[in-house]
Structures are given as structure tokens and as C-alpha cells.
Amino acid sequence: MAGQQDSTNQSAFFNDNALKLGVFCLNVSGGMMLSGAAKPKLEWDENVSVAKVADQTGWEFLLPIGRWRGHGGKYNANAEQYECFTWAAAIAASTSRIHVFSTCHVPIFHPMLAAKMGATVDNISGGRWGLNIVSGWNAAEFGMFGIEQLPHDDRYLAAGEWLDIMESLWAKHGELDYQGKIYNISKGYLEPKPVQQPRPLVISAGMSRAGLDFAITRADYCFVGSDNFDLLEETMRRSQGVAADLNRDLNALTFCTIVVKDTEAEAKRYFEWYVDECGDFETAQRLVNNIIGGGARSLPPEVVAKQARAFIAGWGALPLIGTAEQVADQLARISSLGIAGVTMGWLDYTEGIDRFNAEVMPLLRQAGLRADSPA
């Protein structure tokens, strides 16, 4: 694995907890939800306070989402966004142990620039920075930069060259000359190097075969997900099969939305309120057709409706809903699938992480998924 811990690296990510915990989508207004119940404004003070709580209570990582514009529609969800590299630098300077990722869209950032920014944040953090690689998907956002996306599988060819260049710049002294099909570098230079060697931690999502191949062979962790346990289990079996074909181990992370209440009925009512009563179904359906359908084909209406609800609830994440005991049991089930960590979001991040720490975390420790105290 890249980014191994040494005497100068105090990242919590390299601990021995069986289930790593992360905070997802803190850097955008509304967080994970396409709902009118979500906060419409982005608050820097809340970003810092939630990050510090996670840092002080032993959480392993913070994962931002890469967004450049809102989704439009009734609420224009995610209308405000903090850019991921500058966000990571500021959050890293405000914390001491937690690993801070930047989500990076390959077509937007030249590898020389991304490598330099990443090395800078890794030095600011003392070796606590990581990179989430996104090869591309949102044509409307890339159009803001005058970028036309490559065909699907070619995006991973470009991402491979992009990462080749950055890995060389991060690990090798002197100048770099590189000639590829996508990128050409003449006398590339980068100093100082990242604290993590031979390179910082890398994660990447993979659903298609090309995406899975890239994530499993080039990243330290493969980001997988589904909105229900059966599909998540199926996705893990498929991903493990691909990893076996490639003669690689599969290190997987997933993402969830969390609702913890005193009773299961109360938790379900709360979830149904912000999803079914306050959700923007029209926008969610458009996103489903663009993302899952690729914008080129019409999906069956029943598929669109089901997936739209999952997008409102949290970008198609697995919702963990119920009492603290039920949520802890569901997290244990996720761990039993061979998933190494979960990144999470709430409708209210401040209340959500405080309640999770108070009620769910002790149960995870009793289950042996977390150490008795931050390690």
C-alpha cells in the first residue's frame, strides 16, 4: 500500500480498526441529499467544527465530493461548493490526525498541477492527505471548462497516464520527460516531495469493468456502493472476482447515509420526511438518466423512480436507519462483506456526528470493530 506510516506521519488512517469511518460530502451545501430539508447554505465554521470532532474522536478520514455547480431544479442542491484541494489544505491545517482527501476530476486538473497541489497538502498535513480519482462523468460541469469528455473506457487510459506522471513526480528526484497518448511532459519538476512515500493514498470508484480494473490495479482502495444490502453484496462479489482475475487484493470502501433515533419508527418517519415529502424527484430523475443511463438511453420508469429516491436520500448510498443498536448491527454487516471502511453523511452533520459518537461508536467498540480509544 502507498503512503505507509512512518515517524513523521501521524495519520489515523493507518490504524488497526476493523472498520474505518469517514465523513462524506461535508464540502457542499445540502451534503448528500437532494432535499428541501437539507441546509441550503454552506458554512465554513461547520466544516471545521465537524472535521475537528471527527479528528478528536478517532475517525479515519474526510472525503469531499467534487462539484462545480448546483443540480438545478426546485432546490438547486449542492449549489455551493468548496473546491477540494484548497478545502483539504485548510481542513488539514485545522486537524491533527485524520486523513483528508481531495476528490479530483482528471480532465480538469493537469497532472503537473494536481501533483504539486497534492504534495503541498501532504506537507501541510504531515502525511495525512489522500487523492480520490474521478475519471469523469458530468458533461455540464466539464463544459464550463471547455472540456469534451473522452469515450468511457478511454477516460481510464487518460487516468492511468495522469497517475503515472504524478507517481513519478512524487517519488523521483530530477526532471521528468513523459510521452503518452494523452499527456506529454517536458522536464517536469516537483519539490518538495509528499511526506507519504512512494505516494499518498489513492482511492477510486469502479462500477464498469474498465473502472474496476483501474481502481483495483492503481488505487489503494476501491470505492463501491449500492442503496441496498443485496446489491452491495453482489457488487462486492463481482469486485472480488475482478480482483482475483487481476491477481490483486480488494480493499473496498463504501458510503452510507445515517439516521439514528430513539425508535426504528421515528427514524423511518424522519427519513421518509426528508426524502419523500421534501425530495426533488424531478431533478433526481434527470440525474439518474444522465448518470446511470448515460444520457443516451431511456431507462424503464420503475428503475428511474427507484433510483431517483436513492439519489434524493444520498447519491444512491446505502441508508442505515434505526436505533443506535440497529445502525451498529448494519455497520457490522457491512464489515462482514469484506468492506474496510464507510464514509457517511447526515441531513444535519453537526447533530449527526455527535449522536453517532455518543450512541453508535460504543456499540462498534463492543463489537470489536473499533478500538476502545482513538489509536
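Our subject is the structure listed above.
Keep in mind that this is a model prediction, so the values were computed, not measured.

K.L.:
Which residues make up the pairing of strand E5 (residues 176-179), and what values go with them?
P.N.:
Across the two faces of E5 the burial differs, with Leu176 and Tyr178 buried and Asp177 and Gln179 not buried at all. In this structure, E5 lies alongside strand E6 (residues 184-188), joined through three bridges in antiparallel fashion. Bridging from a neighbouring strand, Tyr178 pairs with Ile185 of E6. Adjacent in sequence and paired antiparallel, E5 and E6 are bridged by four residues.

K.L.:
Explain helix H2 (residues 84-94) to me, and be specific about the residues and the numbers.
P.N.:
Every buried residue belonging to H2 is among Cys84, Phe85, Trp87, Ala88, Ala89, Ile91 and Ala92, and all of these are buried. Its buried side turned inward, H2 meets helix H1 (44-56), strand E2 (61-63), strand E3 (99-105), helix H3 (111-125) and strand E4 (129-134). Its side-chain oxygen 2.9 Å from the backbone nitrogen of Phe85, Glu83 forms the N-cap of H2.

K.L.:
Give me the lowdown on the packing of helix H6 (residues 209-218) against helix H7 (residues 229-245), citing residues and values where you can.
P.N.:
Contact geometry for H6 and H7: axes closest at 10 Å, N-to-C directions at 65°. The crossing of H6 and H7 is right-handed. Along its contact with H6, which presents Arg209, Leu212, Asp213 and Ile216, the element H7 presents Arg238, Ser239, Val242, Ala243 and Asp245. Each residue belonging to the contact of H6 with H7 can be placed in one class, and the counts come to four nonpolar, one polar and four charged.

Calculation criteria
- Residues numbered from 1 in each chain as written.
- Predicted model: local features only at pLDDT ≥ 70, side-chain atom pairs only at ≥ 80, totals over all residues.
- Heavy atoms only, no water.
- Buried < 20%, exposed > 50% of the residue type's maximum accessible area, 1.4 Å probe, protein only.
- Helix = DSSP H or I, 4+ residues; strand = E, 2+ residues; numbered from the N terminus.
- Pairing = 2+ DSSP bridges.
- Contact = heavy atoms within 4.5 Å.
- Polar contact = N/O pair within 3.5 Å; in protein donor to acceptor, adjacent residues only side chain to side chain.
- Axes fitted to C-alpha atoms, helices over the stretch in contact; angles between N-to-C directions.
- Left-handed = near helix turned anticlockwise from the far one by under 90°.
- Nonpolar A, V, L, I, M, F, W, Y, C, P; charged D, E, K, R; others polar.

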